[in-house]
Each structure stands twice: as structure tokens, then as C-alpha cells.
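Listed here are the chains, written in short residue letters.
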Amino acid sequence: MPPQALSLNLNLPNLDGLYEHSPWVVQRTLAQHPMGFATIAALKFALAQTLQAASKDEQLALIRAHPELAGKAMVAKTLTSESTHEQSQAGLTHCTPEEFAHIQEMNARYNAKFGWPFILAVRGPRGTGLSRQQIMSTFERRLKNSIDYELAECLRQINRIAEIRLDDKFHVQPTRGNKLWDWHEELAAFSEPEFQAAGQLTTTYLTQAHLDCAALIQKQMLQAGFDEARIDAVGNVVGVYRSFNPDAKTLLTGSHYDTVRNGGKYDGRLGIYAPMMCVRELHQEQDRLPFHLEVVAFAEEEGQRYAATFLGSSALTGDFNPSWLDQQDAAGITMQSAMQNAGLPASFDAITKLKRNPSQYLGFIEVHIEQGPVLNELHLPLGIVTSINGSVRYQCRVEGVASHAGTTPMLLRTDAAAAAAEMVLAVEHAGKASGNLVATVGQLRVPNGSINVVPGECQFSIDLRAPVDEARQTLEKTITTALEDIAQKRGVQLTMNRILEVAAAPSNPIWQTCWEEAVQSLGLPIHRMSSGAGHDAMKLHSIMPQAMLFVRGENAGISHNPLESTTSHDMDLAVQAFAQLLKNVPMVGLAN
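Residues numbered from 1 in each chain as written. Predicted model: local features only at pLDDT ≥ 70, side-chain atom pairs only at ≥ 80, totals over all residues. Heavy atoms only, no water.

Asks: Looking at this structure, I do not really get helix α19 (residues 469–490). What am I missing?
Replies: Residues three or four positions apart in an α-helix share a direction because the helix packs 3.6 residues into each turn. Taking 1.5 Å per residue, 22 residues should reach 32 Å; α19 reaches 32 Å between its end C-alpha atoms and fits that length. For α19, the full list of buried residues reads Arg472, Leu475, Glu476, Ile479, Thr480, Leu483, Ile486 and Ala487. Taken down its axis, α19 places every buried residue within 135° of arc, on the same side. Turned more than 90 degrees away from the buried face of α19 sit Glu470, Thr474, Lys477, Gln488 and Lys489, all of them exposed. Where α19 is buried, its residues meet β7 (390–399), α18 (416–433), β9 (438–440), β12 (457–466) and β13 (493–502). With its phi angle positive at about 75°, Gly491 sits one or two positions after the end of α19. (Helix = DSSP H or I, 4+ residues; strand = E, 2+ residues; numbered from the N terminus. Expected span 1.5 Å × (residues − 1). Buried < 20%, exposed > 50% of the residue type's maximum accessible area, 1.4 Å probe, protein only. Arc of directions from axis to C-beta. Contact = heavy atoms within 4.5 Å.)

Asks: Explain the packing of helix α3 (residues 40–53) against helix α9 (residues 147–170) to me, please; I cannot follow it from the model alone.
Replies: A packed helix pair is summarised by two numbers, namely the angle formed by the two axes and the spacing between the axes. At their nearest, the axes of α3 and α9 sit 10 Å apart, and the two run at 145° to each other. As for how α3 packs across α9, the hand of that crossing is right-handed. The segment α3 lies against α9, with Ile40, Leu43, Lys44, Leu47, Ala48 and Leu51 engaging Leu155, Ile158, Asn159, Glu163, Leu166, Asp167 and Phe170. In terms of residue class, the contact of α3 with α9 is made up of 9 nonpolar, 1 polar and 3 charged. (Axes fitted to C-alpha atoms, helices over the stretch in contact; angles between N-to-C directions. Left-handed = near helix turned anticlockwise from the far one by under 90°. Nonpolar A, V, L, I, M, F, W, Y, C, P; charged D, E, K, R; others polar.)

Asks: What's the story with the state of the cysteines in this structure? I'm lost.
Replies: Simply put, disulfide is the name for a covalent bond between the sulfur atoms of two cysteines. Applying the stated criterion to the full structure yields 0 disulfides. No disulfide involves Cys396; its nearest neighbouring cysteine sulfur is the one of Cys458, lying 10 Å away. Overall, Cys396 belongs to the buried group, its relative accessible area being 3%. (Disulfide = S-S within 2.5 Å.)

Asks: Help me understand unusual backbone geometry, please; the structure alone is not making it clear to me.
Replies: If you check the backbone angles, Ala346 has positive phi at about 60° while not being a glycine. In this structure, Ala346 sits in the loop between α15 (335–341) and α16 (348–352). Phi is positive for Asn448, close to 55°, though the residue is something other than glycine. With respect to the helices and strands, the residue Asn448 is situated in the loop between β10 (444–445) and β11 (453–454).

Asks: Even after reading the chapter, I still don't get the side chain of Asn236, so can you show me in this structure?
Replies: If you trace the backbone, Asn236 turns up in the loop between β1 (228–231) and β2 (237–241). Judged by relative accessible area, which is 0%, Asn236 ranks as buried. Here Gly312 takes part through its backbone oxygen, which lies 3.2 Å from a polar atom of the side chain of Asn236. Ignoring anything within four residues of it in the chain, the contact list for Asn236 reads Arg230, Ile231, Val296, Ala297, Phe298, Ala299, Gly312 and Leu316. (Polar contact = N/O pair within 3.5 Å; in protein donor to acceptor, adjacent residues only side chain to side chain.)

In C-alpha cells form, the structure reads like this:
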């Protein structure tokens, strides 16, 4: 599956109309790259870079060259042919009078706030067109953005419009990405009833929606051409595509199919479907690999129904805790009972048999949506993960003296909340000063607080993450010292309870290089980055080498949210990178 190469001469008539009434973007890009481009992906990135490097006045002029959605130009039929096609495909030429009036009202509000027309790639992430309701919902949401954020978002939307128009001109389509999009939509049809009724996606461990997902994934694997697809003792769906060499080692890949409550469609699931697409094409070509390929759709990673997390991958590493079977969900159903109801063995003995022998594996690789804004800001579809951040968590308690808010002078107070507020800012300051580390206070409360009482107690959490354990430990020491100093200065008692520590999982250098070479083969630059979120690769890291590929998310990379999204183009590139890696897998030096 070679990356799409440019087969047309890159001259201005071919590329005219990519950017609305603004040929300078293409002209400047071509002038800066006289040798041309190896792939369409390389051209798209170069165009985005040109627009990013332009002056603010040039960017604003380009934005203002675009017509309003369902605006006067559409009514007067003076849109460019490209804009006419796009607005028509989204159904904007067939608005009801009420819809048209609502869009006009939002156009007026948007222009008044930002000073330019609302820009949206109305053909959407799949390229087939957003519905009018989706367009209006996006319009309403983005009206709440700040001016700087909305300017950047408009430029991203313009690049997306140009990407789709470029494909139209070169008569290419992200066919693999489109199929992945469709698979994700099929899987997202299964949600727990109370959430589905609200139009939300929630699939937690061993609910009926979860079991339906497992059955569909198993069916999809067999349809794609896997030699076997089975559901194991914890609910993982395991697909195997065998090598032409029966004695070969196995490359392991995959991700999870459970979701958070009211979550997105791509977290985890993209890492199942990208390798599944590669198997589908290998099967269609009647091709076999020099190693077995095992794709695991892990049953649980999010820790939503039960307190334990990484249930699926923990079974493979031998870290499944037997006490987890006795955990109860909110309805009092134990994990063991849920397993029995799902038709699983529900025994620790059956789960222990799932442990993999590292000597039989080449390693573990995972594709995952980024869940952050970095690639989105850089206009890059793919990123190379260098390490999965380790983390440490604290629950903190500050004790002062509760007293009457009206009768206690300011200089005679021992205010626990004020002390905690200073500590929260100290945590933020230390995190900002640390470079690529992060420090978060996610919980903050005054137990039994009253509006007329100086707080005698305040509680807060701390979450520290870093790609290198030593750096995290240094940050941890800096923060604990700062908080103890604040407590002493303010005369309060500070208790810091360390509740969690997880080691960082650096990527294996050989596998990381494999991902880098695969991305370079697409004509894209390499961007190395750490992962702030945990992943199944983090668990597999304990028994075999691992490395990850990130895929850009839309909407500033938001995740664990219904707005979580990516495009069929970016998914297509991820599949191409995965396929390229399969061709270049090093057969020596990877097994433990």
C-alpha cells in the first residue's frame, strides 16, 4: 500500500480555487518548494505551513474572502463553483425558512463579535457533508470562543476545505479512512440505554452495549480476513492473521473498545480498526507476513464501571488482581457476576491463562487518537510517541481554624481555603516552570463549608505527569517543599496522602524508529511527543517493547467528549503508516 504519489503537474490552473479568491497561498507554497512534493500529504502540509507563516492581515483577508454560510452570495448565486458544491452538499441550499433565519441571525452575531464570516468545512470529517443541524450546533458552539482561538480555528477549517478540494482535483479519495469512519459509526451505534436516549455514547465493561460491541468487532475481524477471532476470558476480542511461517513470532497490536461516560467514538477504537484495515488489504491481496499479527480489542481500559483499570491488557501481562473480581459497581453487581452474566468463565484461573509469553512476541505497537491539541496546532496528521507519561497523585488536606466570618479580623485568621488557594497556584507555577511536565489540581472543596464561616478545612488533589520518572520526582519534590513552606507560613496543618504512582513507559527505540520511517515515507515530517494519557501500551511495556503512533484529533484534539473526532484523511494516513511499518518490521533485536 504505497502512499499516494502526485501524478499531475503542479501548475496553477490545476490548483486554482483551493483557497477562496486567494491564489497567493498556492503560489507562495510552490515557490518555496521548487522540487515539488513526493505525496499529496506533503503538499497539504506545505500549504498549511504557508498559511500559518502568513501575516495576520493576509490571514484575515483570506478568511474574509469566504462567503457566509447560507448568506447573500448563496441566494444571489455568486458563490465560487467550489463553495456552491460544498454548501449544496451540506443541504444549505434547501434550508427551511426557519433554518435560514436562524443561520442569518448567527451570521450577524458572529460578524459582530469577530469581524469576519464563520468558516466551516461543511463537507465534514468524512467528506460527504455535515447535516444542517450539525452545522448550526457547531455555529452556536463556536460563537462562545475567544477571538484568538476562533481565528486559529478558521484557518484550520480553511486548510480542511483545501484538503478536500485538492482531492477532488486529483480524483483521489481516502478509501481506507472512509472505511474506518464507517466502522467507527457502526460500533458507535451501541450505547447504554439511558445514554443512547440522550444521544450520548457510553459503553462500559460487560454491559449489553459492551457485549454487542465485542460481537460486532469479532464479526468485522472475520469479514476482514482474520484466520481466527475469539472473545477471551475477560472479554477481549482477539484476532489473529497467521504468517506463512507457522513457527514465526507474533507482533501484537490493538487498543480498547470501552468508553468513558458520554465519550467519543475514536478513543481506543482507532487502534483496533487501523490494523484491521491492514489485515483486510493483506487478505484481499492474498498476502502473508513473515510474522503472525495479533490484534486485540481490549475489553476495558477506562475504569468506568469498576474501580480497576486496564482489565483487558492486565490479563495479558499477568497483572490481573484476583481481588478485582469482588469489586462492585454502582448497582452492587460484582465483576465476577457480570462476567458470569456475560457468559465468560468468571474465574481467576481462566484469566491467568491469558498471560502472554514475551519470548513469542516481537513487541506491541498501538495507534491512538492524540487526545490533545498539539498535532492540531502544528497542522500535522501524525505524531510519534516517545514515552507515555508516568504519574503520581495526592489527596491533600489543609487544616486551619473555623471561625466567624464577620467577627474574625483578617490578620487573625487561619483560613484553610486561602492557604489551599495559594498552594494550588504553587502547583500551577511549578508545572509551568518544568517544561514539558504537567501539574494539575482537579479537585478542590471545603467540607461542610458555609458562606459565613472562615474555612477550617480544605481538601484538594494533585496529579503530576512526566515522560521521565526522574523529572517527575524532581517536580514532586519541588511542589511538596513549596506546599510545606506555605503551610508553615500560614500556620495551617498540611497532610499529603500519596495515593498512586505509575512509572513512565518510554518507547522502544527500534519500534519508535519504525514508526518514524513509516511517517517519513508519507512525505510528512517527524514530530516526537510524549503522551500525557495512559494507554494499553503502558501495561504491555512491562513485558515487551512498545511504541505508539498518534493521530490528530479535530476540535483542538478534545477527547473523552462527544466532540472527539478525526478525519477520514488522517485515519487513511495512519493506515498507510501502519502498512509501511509491517513491511519494515525488524526481525531481530526486539524480543526480550
